[in-house]
Amino acid sequence: VPDAFTPQKVMNLSARGEAGLGDRMLIAGFVINGSSPKKVLVRAVGPTLGGFGVSGTLADPILRIVQGSTVVRENDNWEAGNNVQLMTEAASKAGAFALAAGSKDAALLITLPPGTYNAQVTGVGNTTGVSLVEVYEVP
């Protein structure tokens, strides 16, 4: 008897690329499936990438979570407007590397209902550079 199909769950999606201007912004699409909301950690990492040897990083990313044409939530500087302890715990639970205190990386910890979303990354003051956009389901 062949093995039965077992659906697997994706816990993390990430992509590194150039966050440009206008239609050249860095975008990662993701879907919340099922019938109940899910807690996700979404990050736009720029300056912290320098510590991993990446050059030309985006100095100050802005992260927007968008559904259709509606901005659901946005963040500039991960500690601003967020509970730092909850963000740090969520990153640890999800297996994400830590963001340094005071870094200009952007992040959101949010519970989203089922639907299709985009994480959009741009730079403060129309700056450009290499960024990592990440989406984690938080257990």
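Going along each chain's sequence as written, the residues are numbered from 1 onward. Only residues with pLDDT of 70 or above have their local features reported here, since the model is predicted, and side-chain atom pairs are shown and tallied only from 80 upward, although totals for entire chains, interfaces and linings are computed over all residues. With hydrogens and water excluded, all non-hydrogen atoms of the structure serve as input to the side-chain values.

Chemist: Go over the side chain of Asn 75, please, and point to the residues and values.
Modeler: Counting from the N terminus, the helices are DSSP H or I runs at least four residues long and the strands are E runs at least two residues long. Examined against the element boundaries, Asn 75 turns out to sit in strand 5 (residues 70-76). Here a polar contact is recorded for every N or O atom pair within 3.5 Å, except that within protein the pair must consist of a potential hydrogen donor and a potential acceptor, and residues adjacent in sequence are included only if both atoms are side-chain atoms. Looking at Asn 75, its side chain comes within polar contact range of the main-chain nitrogen of Trp 78, at 3.5 Å. A distance of 3.0 Å separates a polar side-chain atom of Asn 75 from the backbone oxygen of Ala 80. With residues up to four places along the chain from it excluded, the contact list for Asn 75 reads Pro 61, Ile 62, Leu 63, Ala 80, Asn 82, Ala 106, Ala 107 and Leu 108. Any two residues having at least one pair of non-hydrogen atoms within 4.5 Å are treated as being in contact.

Chemist: Before we move on, can you summarise helix 1 (residues 84-94) with the specific residues and values?
Modeler: Restricting attention to buried positions, one finds in helix 1 the residues Met 87, Ala 90 and Ala 91. One side of helix 1 carries all its buried residues, which in axial view fall inside an arc of 100°. Exposed and facing more than 90 degrees away from the buried side of helix 1 are Gln 85, Ser 92 and Lys 93. Buried residues along helix 1 sit in contact with strand 3 (38-45) and strand 6 (106-112). Capping the start of helix 1, Asn 83 holds a side-chain oxygen 3.1 Å from the backbone nitrogen of Gln 85, two or three residues further along. Phi for Gly 95, located one or two positions after helix 1, is positive at around 85°. Exposed residues in this analysis have more than 50% of their type's maximum accessible area, buried residues have under 20%, and partly exposed residues fall in between, with area computed by a 1.4 Å probe over protein chains only. For this quantity, the arc is that covered by the directions from the helix axis to the C-beta atoms.

Chemist: Break down the nonpolar core for me, citing the residues and quoting the values.
Modeler: To define a nonpolar core, start from buried Ala, Val, Leu, Ile, Met, Phe, Trp, Tyr and Cys residues and group those joined through side-chain atoms within 4.5 Å. Membership of the largest hydrophobic core comes to 20 residues, with the highest contact counts inside it found for Phe 30, Val 42, Leu 63, Ile 65, Leu 112 and Val 121. Residues contacting Val 121, with those up to four places away along its chain left out, are Ala 19, Met 25, Leu 26, Ala 44, Leu 58, Pro 61, Ile 62, Leu 63, Ser 131 and Val 133. Counting residues in hydrophobic clusters, the runner-up holds 16 residues, among them Trp 78, Met 87, Ala 91 and Tyr 136.

Chemist: So what's going on with the pairing of strand 8 (residues 129-137)? Residues and values would help.
Modeler: Summarising burial for strand 8: 9 of the 9 residues are buried, a large majority. For two strands to be treated as a pair, DSSP must find no fewer than two bridges joining them. Relative to strand 8, strand 1 (residues 12-19) is paired through 8 bridges, and the arrangement is antiparallel. Opposite Ala 15, over in strand 8, you have Val 133 as the bridge partner. Bridging between strand 3 and strand 8 involves 6 bridges; their strand directions are antiparallel. Its bridge partner lying in strand 8, Val 45 is registered against Leu 132.

Chemist: Before we move on, can you summarise the pattern of salt bridges with the specific residues and values?
Modeler: The salt bridge definition used is simple: a Lys or Arg side-chain nitrogen within 4 Å of an Asp or Glu carboxyl oxygen. In total, this model carries 2 salt bridges according to the counting rule given. Between Arg 64 and Glu 74 there is a salt bridge; the shortest N-O distance is 3.1 Å. One end of the pair, Arg 64, is in strand 4 (residues 61-67); the other, Glu 74, is in strand 5, with 10 residues separating them in the sequence.

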